[in-house]
Amino acid sequence: MALPAAVYAYYRDGAGEQISRDEATAAWRDWRFVPRLFRDVSRISTELELFGARLAAPVLVGPTALHTLAHPEGEAATARGVEAAGSLFVLSSRSGRPLEEIPLTRPWWFQAYVLRDRSITEQNVRRAVAAGARAIVLTADAPYVLKRAVPEAGELGPANRPPGLEQDPALGPDAISWLAEISGRPVVVKGVLRPEDAVRCVEAGAAGVIVSNHGGRQLDRALSTARALGPVAEAVGGRVPVLVDGGIHNGADVLTALALGATAVLIGRPVLWALATGGAEGVRECLDFYGRELSQVMAQAGLATLDEVDSSAVTPVT
Ligand code: FNR
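Residues numbered from 1 in each chain as written. Predicted model: local features only at pLDDT ≥ 70, side-chain atom pairs only at ≥ 80, totals over all residues.

### Remarks on the pairing of strand 9 (residues 208–211)
And step 1. Burial of the side chains of strand 9 extends over both faces: Gly208 and Ile210 are buried on one face and Val209 and Val211 on the other.
And step 2. With 4 bridges connecting them, strand 8 (residues 187–192) and strand 9 associate as parallel partners. By the bridge assignment, Val188 is partnered in strand 9 with Gly208.
And step 3. Each parallel crossover has a hand, and for strand 8 linked through helix 6 (residues 195–203) to strand 9 it is right-handed.
And step 4. Here 3 bridges tie strand 9 to strand 10 (residues 242–245), and the two strands are oriented parallel to one another. Following the sheet pairing, Ile210 is matched in strand 10 by Leu243.
And step 5. Once you follow strand 9 into helix 7 (residues 225–236) and on to strand 10, the crossover reads as right-handed. (Buried ≥ 20, exposed ≤ 12 C-beta atoms within 10 Å, placed from the backbone. Helix = DSSP H or I, 4+ residues; strand = E, 2+ residues; numbered from the N terminus. Pairing = 2+ DSSP bridges. Right-handed = clockwise from strand over helix to strand, strands pointing away.)

What follows is the structure, encoded as structure tokens:
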């Protein structure tokens, strides 16, 4: 469906002057591949295992709010597309549909905010675990929700939202072990840009980190993830998986992220556009496109499996 202008703007926009949003994709293009010769690339595998889930490609669907604005079936259509593509859905806590109505047949993760009133967070997390969530993604880069044209808590605009539903702006790393304890699941912290924060997360019990600037929607002029990723991955040193999102638009962007130390990437807006234009089938096509492109780029770069991708695969332009 064609999106109403306000919905399109809500999905598309970042914060402030849109500087972080606008430079996200360009930043991946500041790297060049250094291909290997005489490698057997007659068979390429993009498969990987992440927290026990087998994925067709290292491309996950990141958490984005309110898929019902893009398609009448909302997250139910997204979930079917993800299943058909053999990917993994990170369901936003601001989902447009109750999670019990979403056909979550493949492994999936639940994204949580820690609210001022932790009992609400606890209730949401327990509900997600009861519905089968395999991991909890703690979004840590949004101490305050920015005012947006489309309210992110359903009918309630930020101005009218009861204080209990506000994120806790005093959140500390103890939230990681708290979430792990109440969920019994691995906790992945989303929103990391500094190496020392990644190390703090790992030391506080995180099972993974996601390098993200929230699609440029929280702090405008926040560092692009293509620049933040390498130092974060180096500091983590392989202790836990490092994931990344932000402006990843094709297989070359994915391979660059993997070479800079990511285990996998997440995509946000591209899935929303695919959902709006093609429903579940659109989401499947979108994910298949990334997998297919990644295979092609890997073959040309002389890389047959994800294990063969290392930092020597890329070099900075400047
Ligand atoms: C988001 N993002 C987000 N993140 C999160 O942790 N919880 C959420 O509910 C949302 N909601 C949301 C809505 C919309 C419309 C967008 C565009 C983004 C951030 C998202 O997970 C991701 O970090 C960014 O979208 C970056 O990826 P892309 O869009 O550049 O691929």
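Now that the structure is up, let's keep going.
### Digging into the nonpolar core
And step 1. Judged by nonpolar contacts, the single largest core of 98 residues is most densely connected at Ile136, Leu138, Val189, Val209, Leu255, Ala262 and Val265.
And step 2. In terms of residue count, helix 9 (residues 269–301) provides more of this core than any other element does, 13 residues in total.
And step 3. The contacts of Leu138, once residues within four sequence positions are left out, are Ala112, Val114, Ala175, Ile176, Leu179, Val187, Val189 and Lys190. (Core = buried A, V, L, I, M, F, W, Y, C linked by C-beta atoms within 7 Å. Contact = placed C-beta atoms within 7 Å.)

### Here's the deal with the site of the ligand
And step 1. Around the ligand there are 23 residues in total, and Ser92, Thr139, Gly215, Gly268 and Arg269 lie nearest to it.
And step 2. In terms of residue class, the shell around the ligand is built from 7 nonpolar, 11 polar and 5 charged. (Near = placed C-beta within 6 Å. Nonpolar A, V, L, I, M, F, W, Y, C, P; charged D, E, K, R; others polar.)

### A look at the UniProt feature "active site" (unreviewed entry) in the protein
And step 1. In this structure's numbering, the residues bearing the UniProt feature "active site" (unreviewed entry) are His214.
And step 2. Summarising the element assignment, His214 is placed in the loop between strand 9 and helix 7.
And step 3. Overall, the presence of 22 C-beta atoms within 10 Å leaves His214 in the buried class.
And step 4. Those residues in contact with His214, other than ones at most four positions away along the chain, are Asp141, Ala142 and Gly191. (UniProt positions renumbered as here; feature names shortened; annotations may be inferred.)

### Focus: the packing of helix 6 against helix 7
And step 1. Relative to each other, helix 6 and helix 7 sit at 35°, their axes nearing to 8 Å. Of the two possible hands of crossing, helix 6 and helix 7 adopt the one that is right-handed. Between helix 6 and helix 7, the contacting residues are Pro195, Ala198, Val199 and Val202 on the first element and Pro231, Val232, Ala235 and Val236 on the second.
And step 2. Here the residues of the contact of helix 6 with helix 7 sort into 8 nonpolar, no polar and no charged. (Axes fitted to C-alpha atoms, helices over the stretch in contact; angles between N-to-C directions. Left-handed = near helix turned anticlockwise from the far one by under 90°.)

### Digging into unusual backbone geometry
And step 1. Its identity is not glycine, yet Gln18 carries a phi of approximately 70°, on the positive side.
And step 2. Mapping Gln18 onto the fold places it in the loop between helix 1 (5–12) and helix 2 (19–28).
And step 3. Classification of Gln18 by C-beta neighbours within 10 Å gives partly exposed; the count is 14.
And step 4. Even without being glycine, Leu66 reaches a positive phi, approximately 55°.
And step 5. Here Leu66 lies in the loop between strand 4 (59–61) and helix 3 (75–85).
And step 6. The class of Leu66 is buried, set by 22 C-beta atoms lying within 10 Å.

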